[in-house]
Amino acid sequence: MTAARAPAGASARPIVLLRSAWDESVAGRAVAFVRRSAESGLLRSALTAWEESWVGSLGKAVWLPAGAPAAPGVSLIVPGLVALALLDAWAFNLSGGPAARAPAAALTVAVAAASPRMGLYAFLIIAPLAGDILALAAAAAVVLSTAVHRLAAASWRPGPFAADLTRELRERSDPALALLAGLLVAATATSVAPAGSLRYLAVWALGFGLYWATTGLLRRAEDLTRAALAFGLSAVLSGLYGLYQVAVHVPAERAWIGAGFFPEMGTRVFAFWGNPNVFALHLLLAGPLLAAVLWTAGSRKARVVVGLGVLTAGLALVLTLSRAGWFGFGVAVLFLGVVRDRRILAVGLLAALAALVIAPDVVLSRAATLTRFDDPTAVHRVRIWEASLRMVEDFWYSGLGLSWRAFTTIYPQYAIEGRFAFHAHSHYLQTLIELGVIGFAAVHWVLLRPVGWAVRLSGRARACPAGSLLTGAAAAVLASLAFGLAEPIFYLPRPILLMWFVLGFAAAARAALENETRPGRPVPASGGGPCPR
């Protein structure tokens, strides 16, 4: 006797009921009310007046790539994202307090729930300004919202959704990501600090999800440009706050400024990160993407605004006094000049010469120590490197386990002169210690792919918006790897997520570039002119 088969569509009933419950909820009714209000004549008149103002026209010019159609309300997006970022920064990083955090977080997650792509833009601008908890929640909301919208596209039927997802994974099989994922799980299972490794494995898993969401949401050059702009806005807002810190002489930790070696150093810019070196890493990831928007901006007005943003982020990077950050910036400029436009090399050289003339003494004295190892911070790093190399000699084949918690469990046994450290002060040593030589190779296989794509497609990239953005993403990865000579990259949750976004952005830009240059495809309208075949 055969078992009775479930009626067609039965598996979708829980999801349909959930959708109905949302429509009847207070939040669902509020969203419906806002949508109905947006269609009213009064709000349309107010929107028209706003778009005709200089602020509205500027917001529209910045957000719209060349040739992209202007949808109603587009001039509100940039001010809205900035307002959301400032709200979250106030609630989570300044003086908002617990009472302000819940509504700020709810609003951020609601944006992602309403639109996965807009949620991604919101994540990019708020993650560097808010704390780890909100950044993780926002990233999870983006990934979950992307999956739910894909499920909705499959008529809320899990079967077709799973089949579509399986087909996508099969068509876009990625051995590098699969190998890295397996090694991360193995490193967690064999970790000397399993609880700490498990927490970081969850962060890395969310990073993989963000990579997947990014490659699915950013399929067009205009979407890529907007994501780069949103991420760049986070660098500009952080840079402005950093300049404020200099103006009011925000006190810095004594260990950061080396008072005995640099007595003239009053403070170092750290913005919302709590550490100037981590802030420098943020600027290295976001700055090249914002610079790439200069090649895809739709008007001269937009290029002027974006150019001012790049200058603000660059000035903030200088004032971090992060030598690793400065070195990474130099590598990014060199790469962009060789691969994208040699005029960048001339501009970079002139900027360096101008800095020698006008830079404060503290910047010049700090830069003079790039090749010296006798200041206290350099001596401290060298001792940690020596101890870390001893750890590599003993654990090169397997590693200790994922995350800095595994490192700190064993490091005291190798410490020199009793110098304690939370990490190896080197991305390369830290990765070898955590994951072993095979994990080290897998991580850098994934990290170096955007550089290879940008170099291989450089001929076509110069004439296409997606190509310029791919080059910017590759420069961001290279700058981070240069930074990693003296600092960790995958040490804190937010930098891990932001790096995975950049990697997903590079993969999406490569796919868009290959689509734009596909034989027989019409010339794209989204800027850049004809793309070579």
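What comes next is a walk through the structure. Keep in mind the model is a prediction, meaning the values are calculated, not measured. (Residues numbered from 1 in each chain as written. Predicted model: local features only at pLDDT ≥ 70, side-chain atom pairs only at ≥ 80, totals over all residues. Heavy atoms only, no water.)

## Let's talk about the overall build of the protein chain
Using the following cut-off: Helix and strand assignments follow DSSP, with helices taken as H or I runs no shorter than four residues and strands as E runs no shorter than two, numbered in order from the N terminus. Think of it in three bands: with a 1.4 Å probe and only protein chains considered, a residue is buried below 20% of the maximum accessible area for its type, exposed above 50%, and partly exposed in between. The protein chains shown are the only cover counted for residues, whose accessible areas, like all others here, come from Shrake-Rupley with a 1.4 Å probe.
Secondary structure summary: the protein chain contains 24 helices and zero strands in total. Counting all 533 residues of the protein chain, 51% fall into the buried class. Just so you have it, the protein chain exposes about 24,100 Å², and 68% of that area is on carbon and sulfur atoms.

## Describing helix α8 (residues 132-153)
We apply this condition: Given a helix with a known number of residues, its expected span is that number minus one, times 1.5 Å.
Along its 22 residues, α8 runs 32 Å from first to last C-alpha, staying within 8% of the 32 Å computed at 1.5 Å per residue. Within α8, burial applies to L134, A135, A138, A139, A141, V142, V143, S145, T146 and L151.

## Let's talk about a nonpolar patch on the surface
Convention followed: To count toward a patch, a residue needs a relative accessible area over 30% and no salt bridge; like charges are then connected within 9 Å, while nonpolar side chains (Val, Leu, Ile, Met, Phe, Trp, Tyr) are connected within 5 Å. Salt bridges are counted wherever a side-chain nitrogen of Lys or Arg sits within 4 Å of a carboxyl oxygen of Asp or Glu.
On the surface, W396, Y397, V437 and I438 cluster together into a nonpolar patch covering about 430 Å² of accessible area. Take Y397: it is sitting in the loop between α19 (376-395) and α20 (404-410).

## Remarks on the side chain of T296
So the rule is basically this: Counting of polar contacts relies on pairs of N or O atoms within 3.5 Å, with two restrictions inside protein: one atom must be capable of donating a hydrogen and the other of accepting it, and residues adjacent in sequence are counted only when both atoms are side-chain atoms.
Secondary-structure assignment places T296 in helix α14 (residues 276-296). Judged by relative accessible area, which is 5%, T296 ranks as buried. A distance of 3.4 Å separates polar atoms of two side chains, one belonging to T296 and the other to T225.

## Topic: the packing of α14 against helix α15 (residues 300-319)
Put simply, the rule is: Working convention: axes come from line fits to C-alpha atoms, limited for helices to the stretch in contact. Angles between N-to-C directions cover 0 to 180 degrees. Working definition: roughly parallel below 35 degrees, roughly antiparallel above 145 degrees, roughly perpendicular at 65 to 115 degrees, and oblique for all remaining angles. Crossings are assigned a handedness: left-handed for a near helix turned anticlockwise from the far helix by less than a right angle, right-handed for a clockwise turn. The contact criterion used throughout is that any non-hydrogen atoms of two residues lie within 4.5 Å. Three categories are distinguished: nonpolar for Ala, Val, Leu, Ile, Met, Phe, Trp, Tyr, Cys and Pro, charged for Asp, Glu, Lys and Arg, and polar for the others, with Gly belonging to the last.
Their axes nearest at 10 Å, the elements α14 and α15 cross at an angle of 160°. The angle between the axes of α14 and α15 places the two elements in the roughly antiparallel class. Crossing of α14 against α15: the hand is left-handed. On α15, the residues that touch F279, A280, L283, L284, L290, A291, V293 and L294 of α14 are R303, V306, G307, G309, V310, A313, A316 and L317. Taken together, the residues that form the contact of α14 with α15 break down as 13 nonpolar, two polar and one charged.

## Overview of the side chain of S468
Within the secondary structure, S468 sits in helix α23 (residues 465-483). On the basis of relative accessibility, which here comes to 2%, the residue S468 falls in the buried class. If sequence neighbours within four positions are ignored, S468 has contacts with A292, W295, T296, R340 and A461.

## What about the nonpolar core?
So the rule is basically this: To qualify as a nonpolar core, a set must consist of buried Ala, Val, Leu, Ile, Met, Phe, Trp, Tyr and Cys residues joined through side-chain atoms within 4.5 Å.
Counting 133 residues, the largest nonpolar core has F123, F501 and F505 as its most contacted members. Looking at this core element by element, the count peaks at 15 residues for helix α24 (residues 493-516). Not counting chain neighbours up to four residues away, the residues in contact with F501 comprise L120, L124, L210, T214, L218, A227, F231 and L289.

## Section: the packing of helix α12 (residues 221-247) against α23
In the contact formed by α12 and α23, the axes pass within 9 Å of each other and the chain directions differ by 35°. Regarding α12 and α23, the two cross each other, and that crossing is left-handed. Contacts between α12 and α23 involve A221, L224, T225 and A228 on the former and, on the latter, P465, A466 and L469.

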